[in-house]
Amino acid sequence: MTHPFLDLAPLTAAHFAAIEKRVAGLLATEQDVVIMQGEALLPLEGCIRGGARPGSTALNVVTGPYGQTFGNWLRDCGANVVDLAVPFHTAVTADQVARALTEHPEIDFVSLVHAEAATGNTNPVAEIGEVVRSHGALFMLDAVASVGAEPLLPDVWGVDLCVIGAQKAMGGPAGVSAVSVSERAWERIAANPQAPRRSYLSLLDWKERWIDGGRRALLHAPAQLEMLALEACVERIEAEGLDALMARHASAAAATRAGAVALGGGLSPYVHEAKDAAPVATTLRAPAGVDASELVARALAADPSLPLIAGGGALSKEMIRVNHYGVDATRGTVQSSLAALGAALADAGRQVDFETARKAVSETWPSE
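Owing to the predicted nature of the structure, the values given are computational and were not obtained by experimental measurement.

Caption draft 1: Here's a closer look at the packing of helix H12 (residues 331-347) against helix H13 (residues 354-364). Following both chains from N to C, one finds H12 and H13 inclined at 160 degrees, their axes separated by 10 Å at the closest point. Between H12 and H13, the angle is such that the two are roughly antiparallel. With respect to the hand of their crossing, H12 and H13 are arranged in right-handed fashion. Mapping the contact onto sequence places Arg331, Val334, Gln335, Leu338, Ala339, Gly342 and Ala343 in H12 and Phe354, Ala357, Arg358, Val361 and Ser362 in H13. For the contact of H12 with H13, a count of residues per class yields seven nonpolar, three polar and two charged.

Caption draft 2: A look at the state of the cysteines. Scanning all chains against the criterion turns up zero disulfides. Residue Cys47 stays outside any disulfide, its sulfur separated by 9.2 Å from that of Cys162, the closest cysteine. Look at Cys47 and you get buried, because its relative accessible area is 0%.

Caption draft 3: The arrangement of unusual backbone geometry in detail. With phi around 60 degrees, Asp7 is a residue other than glycine that occupies positive phi space. Residue placement: Asp7 occurs in the segment before helix H1 (13-27). In this model, Ala28 sits at a positive phi of 50 degrees, which is unusual for a non-glycine residue. Position of Ala28 among the secondary structure elements: in the loop between H1 and strand E1 (32-36).

Caption draft 4: Here's a closer look at the pairing of strand E11 (residues 282-285). Two elements, strand E10 (residues 268-269) and E11, share two bridges in a ladder whose sense is antiparallel. Across the sheet, the residue bridging to Pro269 is Leu284, located in E11. By the bridge criterion, four bridges tie E11 to strand E13 (residues 319-322) in an arrangement that is antiparallel. Bridge pairing in E13 places Arg285 opposite Met319.

Caption draft 5: Molecular detail of the UniProt feature "domain: Aminotransferase class V" (unreviewed entry) in the protein chain. Here the UniProt feature "domain: Aminotransferase class V" (unreviewed entry) sits at residues 74-252. Span residues 74-252 is 41% helix and 18% strand, its end C-alpha atoms 35 Å apart.

Caption draft 6: Geometry of the nonpolar core. Core analysis: the largest hydrophobic core is formed by 82 residues, its most contacted members being Leu59, Val97, Leu161, Ile164, Met170 and Leu230. At eight residues, the largest contribution of residues to this core is made by H1. With residues near it in sequence (within four places) discarded, Leu230 still touches Ile19, Val23, Ile35, Ala166, Met170, Pro173 and Val176. Listed in part, the 28 residues of the second largest apolar core include Ala252, Ala299, Ala329 and Leu341.

Caption draft 7: Structural context of the pattern of salt bridges. Applying the stated criterion across every chain yields a total of 16 salt bridges. Of the charged contacts in the structure, one is a salt bridge between Arg22 and Glu238, with a shortest N-O distance of 2.5 Å. On the criterion of sequence distance, the pair formed by Arg22 in helix H1 and Glu238 in helix H9 (residues 224-240) is long-range, its members being 216 residues apart. With its nearest N and O atoms 4.0 Å apart, the salt bridge here joins Asp32 to Lys207. Taken together, the positions of Asp32 in strand E1 and Lys207 in helix H8 (residues 203-211) put the pair 175 residues apart, joining distant regions of the chain. What you see here is one network of salt bridges that share partners, running through Glu20, Asp32, Lys207, Asp212 and Arg215.

Caption draft 8: Main features of the side chain of Arg321. Its place among the elements puts Arg321 in strand E13. Within the buried core, Arg321 has no salt-bridge partner, and the shortest N-O distance to an opposite charge, that of Glu116, equals 8.5 Å. When sequence neighbours within four positions are dropped, the list of residues in contact with Arg321 reads Ala117, Ala118, Thr282, Thr283, Pro307, Leu308 and Ile309.

Caption draft 9: Just the side chain of Asn323, in detail. Position of Asn323 relative to the elements: it lies in the loop between E13 and H12. The exposure class of Asn323 is buried, given its relative accessible area of 9%. Of the polar contacts made by the side chain of Asn323, one reaches the side chain of Arg321; its length is 3.2 Å. In this structure, Asn323 is in contact with Val280, Ala281, Pro307, Ile309 and Asp328, ignoring residues within four places of it in sequence.

Caption draft 10: Representation of the domain arrangement of the protein chain in the model. In terms of domains, the protein chain is made up of domain 1 (13-239) and domain 2 (242-364). Between the C-alpha centres of domain 1 and domain 2 the distance comes to 29 Å. Counting residues at the interface gives 23 residues for domain 1, matched by 21 residues for domain 2. Roughly 1,800 Å² is buried in total at the junction of domain 1 and domain 2, and carbon and sulfur atoms are behind 65% of that figure. The largest per-residue losses of area from domain 1 upon contact with domain 2 belong to His89, Gly120 and Ala149, which jointly make up 27% of the total buried on that side. Counting across the interface, domain 1 meets domain 2 through zero salt bridges. Linking domain 1 to domain 2 there are five residue pairs in polar contact (both at pLDDT 80 or more). Of all the secondary structure elements, the ones that give two or more residues to the side of domain 1 that touches domain 2 are strand E6 (121-122) and H9. When grouped by side-chain class, the residues that make up the side of domain 1 that touches domain 2 number eleven nonpolar, nine polar and three charged.

Rules used in this analysis
Residues numbered from 1 in each chain as written. Predicted model: local features only at pLDDT ≥ 70, side-chain atom pairs only at ≥ 80, totals over all residues. Heavy atoms only, no water. Axes fitted to C-alpha atoms, helices over the stretch in contact; angles between N-to-C directions. Helix = DSSP H or I, 4+ residues; strand = E, 2+ residues; numbered from the N terminus. Parallel < 35°, antiparallel > 145°, perpendicular 65-115°, else oblique. Left-handed = near helix turned anticlockwise from the far one by under 90°. Contact = heavy atoms within 4.5 Å. Nonpolar A, V, L, I, M, F, W, Y, C, P; charged D, E, K, R; others polar. Disulfide = S-S within 2.5 Å. Buried < 20%, exposed > 50% of the residue type's maximum accessible area, 1.4 Å probe, protein only. Pairing = 2+ DSSP bridges. UniProt positions renumbered as here; feature names shortened; annotations may be inferred. Core = buried A, V, L, I, M, F, W, Y, C linked by side-chain atoms within 4.5 Å. Salt bridge = Lys/Arg side-chain N within 4 Å of Asp/Glu carboxyl O. Lys, Arg positive; Asp, Glu negative; His and termini not counted. Polar contact = N/O pair within 3.5 Å; in protein donor to acceptor, adjacent residues only side chain to side chain. Domains from an automatic or database assignment. Buried area = accessible area lost by both parts, 1.4 Å probe.

This is the structure:
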């Protein structure tokens, strides 16, 4: 019995390296790119455990749940952690980062999430990177949600460790990820006796056995289906054009925000300023007295395929997420998502205006 997912020819080292090169092109980077054989939490933890060490001091910017996770990993590595937390309805500023670095000149590692899909905000990495670079700290960026949805230029912005995943704006698989690594990041990791070695978390293993070995022999059997899916999604991005892909996500975000405001019923943008809102997901605050998770469940009852979800944890009662990324970054998906939320609000006794919402989406996103 044959099956398109089975009995494939082995993925050669040359093919693996060719996919790696295309990912580097997507990032416009001259740095080494390592494709990790697992979801993006794998390289994120690997970067932190390689770049942080006992006695070092890290600035951890918290604009959502992933920033909180990074702080836990940094402390586990023995680093002294300075958390710079801002309200989830906004973004951090370069001035706030600069003040933290001035108050703690010993900081030698900075971790930041570019776009927080979970809270719907995005941070000004270009300006922050300039501040971090002048301070001299190593700069790690979680760009899992932002890649493909908004500009991402690790070399230009001075990002030493830039982690991406394919499962959001890229529209690819979740089981494979990548990280670009600067030369000084390699030096930092190599000098850290606590950095993972002979481990699935180890970036150094990839450096020494794959990159320095001329990319002739893979460390282990690759995740072949995920690698082929990654190659396919990069091909699709190349065909659409990265600028067009980013424009589609920006349009989806603007249309969702405008349509939600026009819909009424007590919905309001969770992220206060449009400039701070991520292009991959629009977060909305549920009306007072309405449980967000119940509202989402009611909206999904009619169409479970819609990219709607309630906020995580403590935000589950107040936050609604419209995840308009990848294949869902379309005007039709935005219209359908708002219509479902409007119907759920109407069922809850709220006054909504479907036609005004539809017009707001069409005027914000006149064509696709």
